[in-house]
Amino acid sequence: MSHTETEGIIESSWSGGRAPFAINSNKLGMWLFIVSDSLTFSALLVAYAYVRLANPDWPRPFEIWPAIAKSTLMTLILLSSSLTMVLGVGAAHRGDRKKTVKYLIWTMIFGLAFVVIHATEWYTLMTQEHVTPWSNPWGVPLFGGTFFGLTGLHMLHVTIGVVYLAVVAWGFKRDKYDATDVEVSGLYWHFVDLVWMFIFPLVYLMSVNLKG
Amino acid sequence: MSAHDAAIGTHEVGSTKLFATVWFWLLLLTGIEVFLAYLRLAPPLMLTILVGLSLIKAALIVSYFMHLRFERLGLFLLLIPAMVFCICMMLIMFFPDSLRVVGLGAH
């Protein structure tokens, strides 16, 4: 690009009819949503960290086996789903529809596995250890409130993500959506992965029971 | 392709090898975090280290998986500084008060 051409773009970048950030509006919209959603999770995590540090009697219910092993496996699953997602986006940009759909299906399988393992963990906590969002045997109701609040909101994001990916994969296969739509859904999926990178250490690893 | 489309472009950046490397580092950092759980560190120190490691992981995900490293600088400046500022405002409320309780010698 010549010098004069570059100047022309800079001068008129903000005068309409151009993309100042060199991305589509739907991609910019997803980025803005991610920033606002990250602040929602930040508020919850900061509130959790506050009560966790301020409370010396905070319960430590997570034994290495099975709770920590399970949540580490869930982290591995979510990280792997991000890898298949990013490979799917790459395949979409190359125009390889078959491969894109294959990678998206793998991402959805990992996402579903995450939700299923998480749900069994909730079930065990509620039925065997009698931990609910309102009460628990250790007399620290905030534990249940923060645990189920944080992991519940995250699980909701994963579930919505799986449905979102299914819609995008279906549409991409039928030429209704293009590679950018796959990339935008990828942004959302990676964000869900990113949030778990904070919830896993802060919620689980801060409350490990080493005696068990 | 019009000039408008060319400005937006479909940039395919990063090879499978690069993404696999990032994935490996994310797993490694997760492994370190799980190992730290065995060390019985004091909660404030543990929280600081875990958040530090998680921020590195978040930076890896945002830079490579979410491609932000390969976007225009303007997009980064639009999104990240304002978000960091808002989170810092939350932390200003959080640190002195929760650490005051720690300072009472409860731990």
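Residues numbered from 1 in each chain as written. Chains lettered and ligands numbered in written order. Predicted model: local features only at pLDDT ≥ 70, side-chain atom pairs only at ≥ 80, totals over all residues.

Colleague: Looking at this structure, I do not really get the overall build of chain A. What am I missing?
Modeller: Helix and strand counts for chain A come out as six helices and two strands. Ordered by position from the N terminus, the helices and strands of chain A form the series α-α-β-α-α-α-α-β. For a compact globule of 212 residues, the expected C-alpha radius of gyration is about 17 Å, and chain A comes in at 21 Å, more than 25% above that figure. Projected onto its principal axes, the C-alpha coordinates of chain A cover approximately 70 × 40 × 25 Å. The long-range fraction of contacts in chain A, counting pairs at least 24 apart against all pairs at least 6 apart in sequence, stands at 75%. (Helix = DSSP H or I, 4+ residues; strand = E, 2+ residues; numbered from the N terminus. Rg over C-alpha atoms; globule rule 2.2 N^0.38 Å. Contact = placed C-beta atoms within 7 Å.)

Colleague: Whenever I open this one, the packing of helix α2 (residues 25-54) of chain A against helix α6 (residues 179-204) of chain A confuses me. Can you help?
Modeller: Between two packed helices, the angle of one axis relative to the other and the distance separating the axes together describe the packing. Residues and elements named next belong to chain A. Interhelical geometry of α2 versus α6 gives an angle of 10 degrees and a closest axis separation of 10 Å. Relative to α6, the element α2 lies roughly parallel. Two secondary-structure elements touch here, α2 through Asn-26, Lys-27, Met-30, Trp-31, Ile-34, Asp-37, Phe-41, Leu-45, Tyr-48 and Ala-49 and α6 through Thr-180, Glu-183, Val-184, Leu-187, Tyr-188, Phe-191, Val-195, Phe-198 and Leu-202. Split by residue class, the contact of α2 with α6 holds 14 nonpolar, two polar and three charged. (Axes fitted to C-alpha atoms, helices over the stretch in contact; angles between N-to-C directions. Parallel < 35°, antiparallel > 145°, perpendicular 65-115°, else oblique. Nonpolar A, V, L, I, M, F, W, Y, C, P; charged D, E, K, R; others polar.)

Colleague: I tried to follow the nonpolar core on my own but got confused; where do I start?
Modeller: Across soluble globular proteins, you tend to see nonpolar side chains buried next to one another. Residue and element names in this part refer to chain A. Leu-187, Ile-199, Leu-202 and Val-203 are the most contacted members of the largest nonpolar core, which has 71 residues in total. Here this core gets 18 residues from one element, more than from any other, and that element is α6. With residues up to four places along the chain from it excluded, the contact list for Val-203 reads Phe-147, Leu-150 and Thr-151. (Core = buried A, V, L, I, M, F, W, Y, C linked by C-beta atoms within 7 Å. Buried ≥ 20, exposed ≤ 12 C-beta atoms within 10 Å, placed from the backbone.)

Colleague: How do you make sense of the confidence of the model for chain A when you look at a structure like this?
Modeller: Close inspection of predicted coordinates is inappropriate in any region flagged by low pLDDT. Scored by pLDDT, chain A comes out at a mean of 91, with 93% of its residues at no less than 70. Element-level mean pLDDT values for chain A span from 54 in helix α1 (residues 3-12) of chain A up to 97 in α6 of chain A. (pLDDT = per-residue confidence, 0-100.)

Colleague: Could you clarify how one ought to interpret the environment of Leu-26 of chain B in this entry?
Modeller: Counting through the fold element by element, Leu-26 of chain B comes out in helix α2 (residues 16-36). Under the C-beta neighbour-count criterion, Leu-26 of chain B is labelled buried, with 26 such atoms within 10 Å. Measuring from C-alpha to C-alpha, the distance between Leu-26 of chain B and Leu-79 of chain B comes to 23 Å, with 53 residues separating the pair along the chain. Beyond its immediate sequence surroundings of up to four residues, Leu-26 of chain B is in contact with Leu-79 of chain A together with Lys-57 and Leu-60 of chain B.

Colleague: How should I be thinking about the environment of Asn-136 of chain A in this particular structure?
Modeller: Residues and elements named next belong to chain A. With respect to the helices, strands and loops of the structure, Asn-136 is situated in the loop between α4 (97-128) and α5 (141-173). With 72 residues separating them along the chain, Asn-136 and Ile-64 place their C-alpha atoms 20 Å apart. Not counting the four nearest positions on each side in its chain, Asn-136 is found in contact with Pro-59, His-130, Val-131, Pro-141, Phe-143 and Gly-144.

Colleague: Just to check I follow, could you spell out the domain arrangement of chain B for this structure?
Modeller: Bring the parts together and some accessible area is lost; that lost area is often taken as the interface size. Residues and elements named next belong to chain B. According to the domain assignment, chain B consists of domain 1 (10-71) and domain 2 (73-107). If you average the C-alpha positions of domain 1 and of domain 2, the two centres end up 20 Å apart. Taken together, the residues that form the side of domain 1 that touches domain 2 break down as four nonpolar, no polar and one charged. (Domains from an automatic or database assignment.)

Colleague: Sorry if this is basic, but what is going on with the confidence of the model for chain B here?
Modeller: Residues and elements named next belong to chain B. When pLDDT is averaged along chain B, the result is 85, and 84% of the positions lie at 70 or above. No element of chain B has a lower mean pLDDT than helix α1 (residues 3-8), at 45, and none a higher one than α2, at 96. Within the model, the stretch residues 1-7 combines pLDDT values under 50 with five contacts to residues more than four positions away or in other chains. Across the whole predicted complex the pTM is 0.90, and at the interface the ipTM reaches 0.89.

Colleague: Any chance you could explain unusual backbone geometry here in plain terms?
Modeller: Glycine aside, residues mostly have negative phi, and peptide bonds are mostly found in the trans state. The amide bond that connects Trp-65 of chain A to the next residue, Pro-66 of chain A, takes the cis arrangement and shows omega of 10 degrees. Residue position: Pro-66 of chain A is located in helix α3 (residues 64-94). Despite not being glycine, Arg-40 of chain B has its phi angle at roughly 55 degrees, a positive value. Secondary-structure assignment places Arg-40 of chain B in the loop between α2 and α3 (43-65). Its 9 C-beta neighbours within 10 Å are what place Arg-40 of chain B among the exposed residues. Of note, His-67 of chain B is a non-glycine position whose phi angle comes to about 65 degrees, a positive value. Along the chain, His-67 of chain B falls in the loop between α3 and α4 (73-106).

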